[in-house]
Amino acid sequence: MIQFAVYGKGGIGKSTTVSNVSAALAEQGLTVMQIGCDPKADSTSSLLGGRSARTVLDLIRERGGGLTLDDMVSRGYRGVLCVEAGGPTPGLGCAGRGITAALEKLREKGAFETFRPDVIIYDVLGDVVCGGFSVPMRRGYADKVFILTSGENMALHAAANIALAVDNFRSRGYAELGGIVLNRRNVKKEQEKVEELAEDVHTGIIGILDRSETVQEAEELGKTVVEAFPDSAMAGEYRRLAEAILHVCGKEK
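Residues numbered from 1 in each chain as written. Predicted model: local features only at pLDDT ≥ 70, side-chain atom pairs only at ≥ 80, totals over all residues. Heavy atoms only, no water.

Q: Just to check I follow, could you spell out the pattern of salt bridges for this structure?
A: Any two side chains of opposite charge can pair, given that their charged atoms come close. Counting across every chain of the model gives 11 salt bridges. With a shortest N-O distance of 3.0 Å, Glu27 and Arg239 are connected by a salt bridge. Remark: Arg239 occurs in helix 10 (residues 233-248) and Glu27 occurs in helix 1 (residues 14-27); sequence separation between them is 212 residues. Taking relative accessible area as the criterion, Arg239 reaches 26% and is therefore assigned partly exposed. (Salt bridge = Lys/Arg side-chain N within 4 Å of Asp/Glu carboxyl O. Helix = DSSP H or I, 4+ residues; strand = E, 2+ residues; numbered from the N terminus. Buried < 20%, exposed > 50% of the residue type's maximum accessible area, 1.4 Å probe, protein only.)

Here it is, written out as structure tokens:
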């Protein structure tokens, strides 16, 4: 089983990218589970036809221990197993601890043994990497961390902090840095800036995604690009990224 996490600054296109990678991997016949670890709980909506999944934390608050896997896991495009961790009541509690509680509940209910996914993808907010936001990096969860960034200064700053966190946690047996994905915003010297970052953190750029109106068109339909426009150039970019990730993780389909 392959497990990896994708981190990046909020608003960088992380959930869009992760969902399209999930769709591309599912098209190959792999059983994919995507776990949204962002309090906004919108990671999997494009895999679910634009609807929002009930979050594990909301379900825990409502039902306590009486949850089933069917409550927590929804099936999306090509059978992708969709989970949203959720967040605390606004103004109360810690979002990081919420991620911890949600992942522990999935383990308690035997989600991984029951569904036997070939690939588990953790979609994680990367503006901060502390507490519960680092849980997907820990032993038993992701084996690799991929960082999504553009050439914008705030995105690069967040990416550098994520890479530093991965390096600091490495001695504990946490996940390794698998590489950087450039999601173009067409800023000046964008690729040069991201290449410089990759060199600084001793990794490589494993994929480059062009800025495309096709992404927005698919989102308006409540779908991934891979589903809505399967023959588009953008769908091809997501499929190539999925292959590159599998290669880095040590398994080529």
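Alright, that's what it looks like, and here's the rest.
Q: Honestly, helix 1 in this entry has me stumped. Any pointers?
A: Look at helix 1: 20 Å from first C-alpha to last across 14 residues, which is about the 20 Å you get at 1.5 Å a residue. Helix 1 sits mainly inside the fold: 13 of its 14 residues count as buried. With its phi angle positive at about 95 degrees, Gly29 sits one or two positions after the end of helix 1. (Expected span 1.5 Å × (residues − 1).)

Q: I'm lost on the packing of helix 6 (residues 153-169) against helix 7 (residues 190-200) in this one. Help?
A: How two helices sit against one another is set out by the angle between their axes and by the gap between those axes. Taken N-terminus to C-terminus, the directions of helix 6 and helix 7 make an angle of 15 degrees; their axes are 11 Å apart at the nearest point. As the angle between them shows, helix 6 and helix 7 are arranged roughly parallel. Helix 7 is crossed by helix 6, and the crossing has right-handed handedness. Residue-level inspection shows Asn153, Leu156, Ala159 and Ala160 of helix 6 in contact with helix 7, the latter providing Lys193, Val194 and Leu197. When its residues are assigned to classes, the contact of helix 6 with helix 7 shows five nonpolar, one polar and one charged. (Axes fitted to C-alpha atoms, helices over the stretch in contact; angles between N-to-C directions. Parallel < 35°, antiparallel > 145°, perpendicular 65-115°, else oblique. Left-handed = near helix turned anticlockwise from the far one by under 90°. Contact = heavy atoms within 4.5 Å. Nonpolar A, V, L, I, M, F, W, Y, C, P; charged D, E, K, R; others polar.)

Q: Is there a simple way to think about the nonpolar core in this case?
A: Most often, soluble globular proteins have nonpolar side chains that are buried together. Of all hydrophobic cores here, the largest spans 44 residues; its most connected members are Ile35, Met72, Leu103, Tyr122, Met137 and Val145. If we ignore the near neighbours within four places in the chain, the residues touching Tyr122 are Gln3, Phe4, Ala5, Val6, Ile35, Cys37, Leu103, Phe112, Pro136, Tyr141 and Ala142. Counting residues in hydrophobic clusters, the runner-up holds 36 residues, among them Ala23, Leu47, Ile121 and Ala242. (Core = buried A, V, L, I, M, F, W, Y, C linked by side-chain atoms within 4.5 Å.)

Q: Is there a simple way to think about unusual backbone geometry in this case?
A: Comment: phi is negative for the bulk of residues other than glycine, and the bulk of peptide bonds are trans. Of note, the phi angle at Ala41 is positive, near 55 degrees, even though the residue is not glycine. Relative to the assigned elements, Ala41 resides in the loop between strand 2 (32-37) and helix 2 (56-63). According to the relative accessible area criterion, Ala41 is buried, its value standing at 11%. You will see that Lys189, though not glycine, has its phi angle at about 55 degrees, which is positive. Mapped onto the elements, Lys189 comes out in the loop between strand 7 (176-183) and helix 7.

Q: Explain the sheet that holds strand 2 here, please?
A: Pairing between sheet strands relies on hydrogen bonds along the backbone, with the strands arranged either parallel or antiparallel. Ordered by their spatial adjacency, eight strands build an open sheet running 3-4-2-5-1-6-7-8, and the pairing between neighbours is mixed. Lying at the two open borders of the sheet, with one neighbouring strand each, are strand 3 (74-75) and strand 8 (205-209). Of the pairings in the sheet, the one linking strand 6 (residues 144-149) to strand 7 comprises six bridges and is parallel in character. The residue bridging Phe146 from the neighbouring strand is Gly179, located in strand 7. (Pairing = 2+ DSSP bridges.)

Q: What exactly am I supposed to notice about the packing of helix 1 against helix 10 here?
A: The geometry of helix 1 relative to helix 10 is characterised by a closest axis approach of 8 Å and an angle of 80 degrees between their N-to-C directions. Relative to helix 10, the element helix 1 lies roughly perpendicular. Here Thr16, Thr17, Asn20, Val21, Ala24, Leu25 and Glu27 of helix 1 lie close against helix 10, whose contacting residues are Tyr238, Arg239, Leu241, Ala242, Ile245 and Leu246. Residue composition of the contact of helix 1 with helix 10, grouped by class: eight nonpolar, three polar and two charged.

Q: How do you make sense of the environment of Ile12 when you look at a structure like this?
A: Among the structural elements, Ile12 can be located in the loop between strand 1 (2-8) and helix 1. Each C-alpha atom, one on Ile12 and one on Gly179, is 16 Å from the other, the two residues being 167 residues apart in sequence. The contact partners of Ile12, leaving out residues within four places of it in the chain, are Leu148, Thr149, Ser150, Glu152, Ala155, Asn183 and Arg185.

Q: Just checking my understanding: could you explain the packing of aromatic side chains for this structure?
A: For any pair of aromatic rings, the description rests on two quantities: the centre-to-centre distance and the angle between the ring planes. Enumeration according to the criterion identifies three aromatic pairs in this entry. Where Tyr122 meets Tyr141, the ring centres are 6.0 Å apart and the plane angle is 85 degrees; that geometry is what we call edge-to-face. Within this pair, whereas Tyr122 is found in strand 5 (residues 119-125), its partner Tyr141 is found in the loop between strand 5 and strand 6, the two being separated by 19 residues in sequence. Comparing Tyr122 with Tyr141, the two get one shared label, buried. The lysine or arginine in question, Arg107, covers the ring of Tyr141, its NZ or CZ lying 4.4 Å from the ring centre. (Phe/Tyr/Trp six-rings, centres within 6.5 Å; stacked < 30°, edge-to-face > 60°. Lys NZ or Arg CZ within 6 Å of the ring centre and 35° of its normal.)

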